[in-house]
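Chains, contacts and geometry: an overview
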Amino acid sequence: MYLKRPAGGLAFCLFYLASCFTNKYVLSVLKFTYPTLFQGWQTLVGGLLLHVSWKLGWVEINLCSRSEILSWLPASVLFVGIIYAGSRALSKLPIPVFLTMHNAAEVITCGFQKFVQKEQTSHLKVCSVLFLLVAAVCLPLCDTQFDPSGYFWALIHLICVGAYKIFHKLWKPSSLSDLDQQYINYVFSVVLLASASHPAGDLFSALDFPFLYFYRFHSSCCASGLLGFFLMLHTVKLKSSTTSGQYTAWSFLAKVITASLSPFFFVMTANVLTISCLVISGVGEALLVYTERTGT
């Protein structure tokens, strides 16, 4: 597979791996399972860094139209659903399992294009989506570490991801860039998650967290915020400097590297059927990459 922009693509893969591993460490090893606080912290750091970068002239953000900002808010709601449900799911599921469920969001977007928008879809793309669907449906049945709560939140996560992609495709104003959209997402997420932290019980429950005053918890949280911000920047940069097919290929490579290395760092019990589901999902996404690159 020929991948252009190797420096930018490899940096993207590195930040994807580091961000995913750091989040998994905080959520599963330290067991800081207070998503309104953890995701609120990450979006606060990301929003502040993006705001400072904007004021220093390092990035360009234009938020001149209030009507377009308001029209983007439904996507921001879905963004909160993505990160909240994703945090819940990742705290319960191994990284390869989480990524397999995440990939199934493509089933929603492809189904919308084919059955709602009546777009022509190649047999190869339908085949790739079916692979993703079969893997996501069969995986909970084969998983020796089956966690109902983890799979429930993974389902919510993939639905939000699919809906976000559909909304992003249908909503195409020229004045809001990817960074503009992400800035709105950050601000909205901070406000909503901060407001929900008390009703959800996270605000006071976190006071009993055993590692609250430990350096490794503080350093991991700081790292998660910084890595999430740099991953976002490299994602935007990679999307703008490559074609859709090339970005999809880099995203696939990042997921393969992350899923392949995660069992060496985090506990995962798998049997032949579980591994088969993971492989089927990988084959499905590889076919999807091929269809994106060839336009078939």
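Up top is the structure these notes are about.
Everything numeric in this text was worked out from a predicted model, so none of it was measured.

1. Notes on the overall build of the protein
Secondary structure summary: the protein contains twelve helices and zero strands in total. For 296 residues, the compact-globule estimate of 2.2 N^0.38 gives 19 Å, and the protein sits close to it at 19 Å. Here the C-alpha coordinates of the protein stretch approximately 50 × 50 × 35 Å along the principal axes. Burial status across the protein gives 47% buried among its 296 residues. Residue pairs in contact within the protein that sit at least 24 positions apart in sequence constitute 88% of those at least 6 positions apart. Element-wise, carbon and sulfur atoms account for 69% of the exposed surface of the protein, whose accessible area totals about 14,600 Å². The averaged location of the 12 negative side-chain charges in the protein is 4 Å from the averaged location of its 19 positive side-chain charges.

2. What about the packing of aromatic side chains?
Enumeration over the complete set of coordinates arrives at 20 aromatic pairs. Arranged with centres 6.5 Å apart and planes meeting at 90 degrees, the rings of Tyr 34 and Phe 209 form a pair that is edge-to-face. Of this pair, Tyr 34 sits in the loop between helix H1 (6-29) and helix H2 (35-55) while Phe 209 sits in the loop between helix H9 (202-205) and helix H10 (215-241), and the two are 175 residues apart along the sequence. Here Tyr 34 and Phe 209 have matching classes, each one buried. Summarising the aromatic geometry, the rings of Phe 229 and Phe 230 are spaced 5.4 Å apart at their centres and angled 65 degrees between planes, so their arrangement reads as edge-to-face. The exposure class of Phe 229 is buried, given its relative accessible area of 4%. Look at Phe 230 and you get partly exposed, because its relative accessible area is 34%. Three or more aromatic residues joined by ring pairs form one cluster here, namely Phe 32, Tyr 34, Phe 38, Phe 209, Phe 211, Phe 214 and Phe 217.

3. What about the pattern of salt bridges?
Considering all chains together, one arrives at three salt bridges under this definition. Of the charged contacts in the structure, one is a salt bridge between Glu 106 and Lys 165, with a shortest N-O distance of 3.7 Å. You can see Glu 106 sitting in helix H5 (residues 105-116) and its partner Lys 165 sitting in helix H7 (residues 148-170), a full 59 residues away along the chain. Exposure remark for Glu 106: the relative accessible area of 13% places this residue in the buried category. A salt bridge links Glu 119 to Lys 169, with the nearest nitrogen and oxygen atoms 3.2 Å apart. With Glu 119 in the loop between H5 and helix H6 (123-142) and Lys 169 in helix H7, this residue pair connects regions lying 50 residues apart in the sequence. Look at Glu 119 and you get partly exposed, because its relative accessible area is 31%. Owing to a relative accessible area of 30%, Lys 169 belongs among the partly exposed residues under this scheme.

4. Observations regarding the packing of helix H3 (residues 66-92) against helix H8 (residues 178-197)
The contact between H3 and H8 brings their axes to 8 Å, and the two run at 65 degrees. The hand of the H3/H8 crossing is right-handed. Counting all contacts with H3, which are made through Ile 69, Trp 72, Leu 73, Ala 75, Ser 76, Val 77, Phe 79, Val 80, Ile 83 and Tyr 84, the residues of H8 involved are Gln 181, Gln 182, Ile 184, Asn 185, Phe 188, Ser 189, Leu 192 and Leu 193. Grouping the amino acids of the contact of H3 with H8 by side-chain chemistry returns 13 nonpolar, five polar and no charged.

5. Some points on the nonpolar core
Ranked by size, the top nonpolar core spans 58 residues in total, and within it Phe 12, Phe 32, Trp 72, Ile 95, Phe 209 and Phe 217 carry the most contacts. For Trp 72, the contacting residues outside a window of four places in its chain are Tyr 164, Phe 167, His 168, Trp 171, Leu 176, Gln 181, Ile 184 and Asn 185. With nine residues, the next largest nonpolar core counts Ile 61, Tyr 183, Phe 229 and Val 236 among its residues.

6. Digging into a nonpolar patch on the surface
Nonpolar side chains collect at one region of the surface, where Ile 257, Leu 261, Phe 264 and Phe 265 lie side by side and expose about 430 Å² of accessible area between them. Position of Leu 261 among the secondary structure elements: in helix H11 (residues 244-261).

Rules and cut-offs
- Residues numbered from 1 in each chain as written.
- Predicted model: local features only at pLDDT ≥ 70, side-chain atom pairs only at ≥ 80, totals over all residues.
- Heavy atoms only, no water.
- Helix = DSSP H or I, 4+ residues; strand = E, 2+ residues; numbered from the N terminus.
- Rg over C-alpha atoms; globule rule 2.2 N^0.38 Å.
- Buried < 20%, exposed > 50% of the residue type's maximum accessible area, 1.4 Å probe, protein only.
- Contact = heavy atoms within 4.5 Å.
- Areas by Shrake-Rupley, 256 points an atom, 1.4 Å probe, with all protein chains shown as cover.
- Lys, Arg positive; Asp, Glu negative; His and termini not counted.
- Charge placed at Lys NZ, Arg CZ, Asp CG, Glu CD.
- Phe/Tyr/Trp six-rings, centres within 6.5 Å; stacked < 30°, edge-to-face > 60°.
- Salt bridge = Lys/Arg side-chain N within 4 Å of Asp/Glu carboxyl O.
- Axes fitted to C-alpha atoms, helices over the stretch in contact; angles between N-to-C directions.
- Left-handed = near helix turned anticlockwise from the far one by under 90°.
- Nonpolar A, V, L, I, M, F, W, Y, C, P; charged D, E, K, R; others polar.
- Core = buried A, V, L, I, M, F, W, Y, C linked by side-chain atoms within 4.5 Å.
- Patch = residues over 30% accessible without salt bridge, like charges linked within 9 Å, V, L, I, M, F, W, Y side chains within 5 Å.

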